[in-house]
Protein chains: 2
Amino acid sequence: MSTIEFNITQRSEKSRARLGVLRTPHGEIETPALVTVATRGTVRAVTLEQAITAGSQLLICNTYHLHLRPGEEVVGEAGGLHKFIGWDRPLMTDSGGFQVFSLGFGRDYNLGKIGPTDASGQVKAGQRPKMLKIDDAGVRFTSFIDGRELFIGPEESMRIQSLLGADIAFAFDECTPPNADREYTESSVAQTHRWADRCLEARDPKQALYGIVQGGKFVDLRRESAQFIAGRLFDGFGIGGEFGEDKDTMSEMLRTVVDELPENRPRHLLGIGHPDDIELIIREGVDTFDCTVPTQYARHGTAFTSAGRVSISASSNLRRHGPLDPTCDCPTCITNSLSYICHLYRAKETAAAILLTVHNLHYFNRLVEDVRDRIRSGSI
Amino acid sequence: MSTIEFNITQRSEKSRARLGVLRTPHGEIETPALVTVATRGTVRAVTLEQAITAGSQLLICNTYHLHLRPGEEVVGEAGGLHKFIGWDRPLMTDSGGFQVFSLGFGRDYNLGKIGPTDASGQVKAGQRPKMLKIDDAGVRFTSFIDGRELFIGPEESMRIQSLLGADIAFAFDECTPPNADREYTESSVAQTHRWADRCLEARDPKQALYGIVQGGKFVDLRRESAQFIAGRLFDGFGIGGEFGEDKDTMSEMLRTVVDELPENRPRHLLGIGHPDDIELIIREGVDTFDCTVPTQYARHGTAFTSAGRVSISASSNLRRHGPLDPTCDCPTCITNSLSYICHLYRAKETAAAILLTVHNLHYFNRLVEDVRDRIRSGSI
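Going by the annotation in an unreviewed UniProt entry, the name recorded for chain A is Queuine tRNA-ribosyltransferase, with Candidatus Uhrbacteria bacterium RIFOXYC2_FULL_47_19 given as the source organism. Per UniProt, the comment on chain A under Sequence similarities (unreviewed entry) is "Belongs to the queuine tRNA-ribosyltransferase family." What the UniProt record of chain A gives under Catalytic activity (unreviewed entry) is the line "7-aminomethyl-7-carbaguanine + guanosine(34) in tRNA = 7-aminomethyl-7-carbaguanosine(34) in tRNA + guanine".

*Asks:* Any chance you could explain the sheet that holds strand β14 (residues 288-290) of chain B here in plain terms?
*Replies:* By definition, the strands of a sheet pair up through backbone hydrogen bonds, in either a parallel or an antiparallel sense. All names here are of chain B. Spatially, the 8 strands close up into a barrel ordered β4-β5-β6-β10-β11-β12-β13-β14, and their pairing is parallel. Taking the axes of each pair of neighbouring strands and ignoring which way they run, one obtains an average angle of 30° across the sheet. Helix α9 (residues 219-230) rests against β11 (208-213) and β12 (236-239) of the sheet, and its axis sits at about 160° to β11.

*Asks:* Would you mind going over the interface of chain B and chain A with me for this structure?
*Replies:* Reports of interface size often rely on the accessible area that becomes lost once the parts have come together. The interface of chain B with chain A comprises 33 residues on the first partner and 33 residues on the second. Going through the elements one at a time, α3 (72-77), α4 (81-85), α14 (338-346) and α15 (350-376) of chain B are the ones with two or more residues in the side of chain B that touches chain A. A class-by-class count of the residues in the side of chain B that touches chain A yields 15 nonpolar, 11 polar and 7 charged.

*Asks:* Help me out: how do you make sense of the relation of the copies chain B and chain A in this one?
*Replies:* Superposing the two chain copies requires a rotation about an axis and a translation along that axis. The two copies are related by a screw motion: chain B maps onto chain A through a turn of 180° and a shift of 0.0 Å along the axis, at an RMSD of 0.0 Å. When the rotation and shift are considered jointly, the pair of chain copies conforms to a two-fold rotation axis. Residue T350 of chain B of chain B places its C-alpha closer to the rotation axis than any other residue of that unit, at 4.0 Å. Of all interface residues in chain B, 100% are interface residues in chain A too; the two copies therefore contact each other through one and the same surface.

*Asks:* Help me understand the UniProt feature "binding site: substrate" (unreviewed entry) in chain A, please; the structure alone is not making it clear to me.
*Replies:* Residues and elements named next belong to chain A. The UniProt record annotates "binding site: substrate" (unreviewed entry) at D94, S95, G96, G97, F98, D173, Q214 and G241. Position of D94 among the secondary structure elements: in strand β6 (residues 91-94). Judged by the 33 C-beta atoms lying within 10 Å of it, D94 is buried. In this structure, D94 is in contact with I60, N62, T63 and F170, ignoring residues within four places of it in sequence. As for its placement among the helices and strands, G241 is situated in the loop between β12 (236-239) and α10 (247-260). Overall, G241 belongs to the buried group, with 31 C-beta atoms counted inside 10 Å. Each residue touching G241, except ones within four places of it in the same chain, is listed here: C175, T176, Q214 and G216.

*Asks:* Can you help me understand the environment of E5 of chain A in this one?
*Replies:* With respect to the element layout, E5 of chain A can be found in strand β1 (residues 5-11). Spatially, the C-alpha atoms of E5 of chain A and G147 of chain A are 41 Å apart, while their sequence positions differ by 142 residues.

Conventions used here
- Residues numbered from 1 in each chain as written.
- Chains lettered and ligands numbered in written order.
- Predicted model: local features only at pLDDT ≥ 70, side-chain atom pairs only at ≥ 80, totals over all residues.
- UniProt positions renumbered as here; feature names shortened; annotations may be inferred.
- Pairing = 2+ DSSP bridges.
- Helix = DSSP H or I, 4+ residues; strand = E, 2+ residues; numbered from the N terminus.
- Axes fitted to C-alpha atoms, helices over the stretch in contact; angles between N-to-C directions.
- Contact = placed C-beta atoms within 7 Å.
- Nonpolar A, V, L, I, M, F, W, Y, C, P; charged D, E, K, R; others polar.
- Least-squares fit on C-alpha atoms with pLDDT ≥ 70 in both.
- Buried ≥ 20, exposed ≤ 12 C-beta atoms within 10 Å, placed from the backbone.

Quick look at the structure:
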């Protein structure tokens, strides 16, 4: 029996979207939901208290980062991640698979999931990233903190995630780089599938475990991967990797994957959720998704508002004495003017990052809430 | 008639300490009180909301810094500093005089009010700092932001502070460097006195104005300055500058000054308030004081606790799963473990600075509250 319970409360007649409630040992999540990124056990630039005031329902922390620092033994000693970080609500841990990508080919080719890349070459079968060694056992890499040789494989990821003790863990996968060719992607997907089975063997039955679908930009590999993972006894499903260049391709890819997944189990889209994408991915049947956009953009001075993006540092903002977003009821917009936040940002005061992070998280959470309302009323 | 009202509710029989209530147009302050430093219109590393949860009753902002950025016109346009920063409680503005010191001889001699200095030379009469020009009109200096030539004199400081519109403004003074010789200090005190009279001429009657006593480390100059400033129609009194090397000297200096000041008007000690000094300065009759120690130490990873100072980054703290200070009821200590804060600090997460700043401010505010309690019960 699963430690989580997922109830679909309403299905859209216009799309694959659905409303649901995901019950975990640490409380319920209304889905669709944004999962707030808390890589190292905190949401960057704010306290967890502040993330709650911004409407965050659940967090996703990172196994790779917490393994490096402070180490899962410290977290285990504290009684698990919930106790360690002081968060008594639902919690996920990512498996560390994405770091295999970002420290590997991601670094070699200067690739990122956000922003422009200057990649030109293709990653071909047999090619190996420079910073780490991937083989069937797992991934061997060097700690960027102290140069230690480290290793994470499926069994190790399960062991670490069990000590972290989040409500939902993810299977260890290889997240293929966007520029991987077909042959590379095929063998990488096969690797991810072998690891998925070994994760199921090694899993902690006290946690829910999501399997991860890969397959890069190849529709048939996506379908094959979804079929494979769907056939295993996972409590839910993650969808990882890149989905191609444009929104139509992303929709098609998601549809291909979602069509293969069991209807009654939750689906999580890993690392995607620009404001423009949110409605689209929910229409394709995604229940939860995590994304660094709200927090990362906040720290770099970009606010998302009902009137579009606002670049905070512009000196013209110093004369705007009303709120950043007059339609917003977040703690930032209730108390502070755009002028003041602009001043704080230009004066390099931490408060600017705090106020913008709270606002952006609230904005994203409200956006998803609005989509939930529109599913409820039958317009999505 | 003054815009503030100061009522002494109890006088100690054992010392010069007194309990009081300082009424301002934006609410009351229980004195003795720590004034939280908000140089650029915010408390560094936190939001003003968080400063309130840490027990801050009133803030002191800096005229010099706000003049440079965002400029008093912007603040005036917003309806004054209270509205601009979203703080509906008592507020002070420092006059900018301390910056004359820190940008002048402070920079030339690498002097600071906190921490070690490597100053050797003495500042002598006739000598002038390199970074700015002081004469009877005021101080001419270069903006560190954009190289603009700027000027602040007593009239200009009053004009800026009027636009900022804090409840309490300070007269523009020259804060003498700790290594000033007698002759230099004499002429500097005379300058401060001439400026004090010009501030009274130029003041905004809608604000309270505190005159500032200087005199460096020379007891007779301190007395002379206190007599001069006490004889003017200021609503309260600031005591500025350095007080010598040790606590006995500081006590003697404060006693000399306080003896000359009218009993029924409030006294503010500028820029002093190490935990070790707090009881001492209150015993000598200080009502309010501001100090960057709680916030500055927090950002550099030092917490003040009932068991002494804690250096957060020590890796041994990673295994301390209880609160930073088990006797503390601040928001940080209620929710977070020392281990977690240590992890956040080592991972360079902003949340570490936030949590430590809230704790340190709360610790200092509680320390002062405790002194108030001990005055009330007759033990101080």
